[in-house]
Amino acid sequence: MEPMRPIKVTEEVYTHEYLWRAAETLYKHASLGRRQFYYRLSALMMVYISFEAFINFIGEIMCPDLWLKEKDAFRGKGDAIESKIDAIVRQFPGYEWRKGERPYQDVKRLKKFRDLVAHGKVIRGEYVAFPKDDEIDFRWTHEWDEFIEPAQVARSMSSVKTFSQSLLVEARKHSDEPHLLFGAFEGPLASAEGTSTVE
């Protein structure tokens, strides 16, 4: 039997797809009972991180020269993600980015959550508690509480997917990138092709 010849492989690993699958998995675990809070917190963080990765995926396709120097191109531009989206949308004549409406406003609000988690600080507060039956009901409130209610996590996930899908549909009109044929966060995790190294 002849030994196999080496194959030159070209592959792409779609980070946003992996991260979204992780977010979905965490979200599903949040409905299973104990420690729901931790799963919702983690799922929501993964949702935003997968959105950032998705924006980079679309940006590399639509603005390849800009994305070669992406860190420098968006440094000091305020909200880097919004600046990236703006650069992408400029490639889509006729696309109407409704910044002041859902789903984008939900996505933008999610960045506040991301920042609360990524730059975590001690939350201090004072209040008067009234003991009942020799027990004190502590509040243990945090700024992220409003984000991680079950209905809010579901809404955030839906809004990220809807807004991302609108960008993806528009990108299809301007690129023949095969991964754009799939819905937002519904494509394969990776793709690869190989050719024989023997000429």
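Just above, that's the structure.
Residues numbered from 1 in each chain as written. Predicted model: local features only at pLDDT ≥ 70, side-chain atom pairs only at ≥ 80, totals over all residues. Heavy atoms only, no water.

Novice: Can you lay out the overall build of the chain for me, pointing to particular residues and giving the numbers?
Specialist: Scanning the chain from N- to C-terminus turns up seven helices and two strands. A compact globule built from 199 residues should have a C-alpha radius of gyration of about 16 Å, whereas the chain, at 21 Å, is more than 25% larger. Summarising its shape, the C-alpha atoms of the chain cover approximately 85 × 50 × 30 Å along the three principal directions. Relative to its 199 residues, the chain shows a buried fraction of 35%. (Helix = DSSP H or I, 4+ residues; strand = E, 2+ residues; numbered from the N terminus. Rg over C-alpha atoms; globule rule 2.2 N^0.38 Å. Buried < 20%, exposed > 50% of the residue type's maximum accessible area, 1.4 Å probe, protein only.)

Novice: Explain a negative patch on the surface residue by residue, including any values.
Specialist: On the surface, Asp133, Asp134, Glu135 and Asp137 cluster together into a patch of negative charge. Relative to the helices and strands, Asp134 resides in the loop between helix H6 (104–118) and helix H7 (150–172). (Patch = residues over 30% accessible without salt bridge, like charges linked within 9 Å, V, L, I, M, F, W, Y side chains within 5 Å. Areas by Shrake-Rupley, 256 points an atom, 1.4 Å probe, with all protein chains shown as cover. Salt bridge = Lys/Arg side-chain N within 4 Å of Asp/Glu carboxyl O. Lys, Arg positive; Asp, Glu negative; His and termini not counted. Charge placed at Lys NZ, Arg CZ, Asp CG, Glu CD.)

Novice: Tell me what's going on with the packing of helix H1 (residues 15–30) against helix H2 (residues 36–62), and back it up with residues and numbers.
Specialist: The contact between H1 and H2 brings their axes to 8 Å, and the two run at 160°. With respect to each other, H1 and H2 are oriented roughly antiparallel. As for the relative orientation of H1 and H2, their crossing is left-handed in sense. Contacts between H1 and H2 pair Thr15, His16, Leu19, Trp20, Ala22, Ala23, Leu26, Tyr27, His29 and Ala30 from the former with Gln36, Tyr39, Arg40, Ser42, Ala43, Met46, Val47, Ile49, Ser50, Ala53, Phe54 and Phe57 from the latter. Here the residues of the contact of H1 with H2 are counted per class, giving 15 nonpolar, six polar and one charged. (Axes fitted to C-alpha atoms, helices over the stretch in contact; angles between N-to-C directions. Parallel < 35°, antiparallel > 145°, perpendicular 65-115°, else oblique. Left-handed = near helix turned anticlockwise from the far one by under 90°. Contact = heavy atoms within 4.5 Å. Nonpolar A, V, L, I, M, F, W, Y, C, P; charged D, E, K, R; others polar.)

Novice: Hey, could you go over the pattern of salt bridges for me, with residue numbers and the actual values?
Specialist: Within this structure, the stated rule accounts for 18 salt bridges. The shortest N-O distance in the salt bridge between Glu70 and Lys84 comes to 2.4 Å. Residue Glu70 is found in helix H4 (residues 70–74), and its partner Lys84 is found in helix H5 (residues 80–89); the two are separated by 14 residues along the sequence. The same class applies to Glu70 and to Lys84, which are both buried. For Asp72, the salt bridge is made with Arg75, and the minimal N-O distance between the two is 3.2 Å. Among the residues examined, Arg75 registers a relative accessible area of 56% and is labelled exposed. Each of Glu52, Lys111, Arg114 and Asp115 takes part in salt bridges that share partners, so that together they form one network.

Novice: Would you mind going over the environment of Ile7 in detail, with residue names and values included?
Specialist: Relative to the elements of secondary structure, Ile7 occurs in strand S1 (residues 7–13). Note: C-alpha distance between Ile7 and Glu193 (186 residues apart in sequence) is 9.4 Å. Contacts of Ile7, omitting those with residues within four sequence positions, involve Gly194, Thr195 and Thr197.

Novice: So, the packing of H1 against H7: which residues are in play, and what are the values?
Specialist: Two elements in contact, H1 and H7, have axes separated by 12 Å at closest approach and are oriented at 160°. As the angle between them shows, H1 and H7 are arranged roughly antiparallel. Here the hand of the crossing between H1 and H7 comes out left-handed. Of the residues in H7, those touching H1 at Trp20, Ala23, Glu24 and Tyr27 are Pro150, Val153, Ala154, Met157, Val160 and Lys161. Along the lines of polarity and charge, the residues of the contact of H1 with H7 split into eight nonpolar, no polar and two charged.

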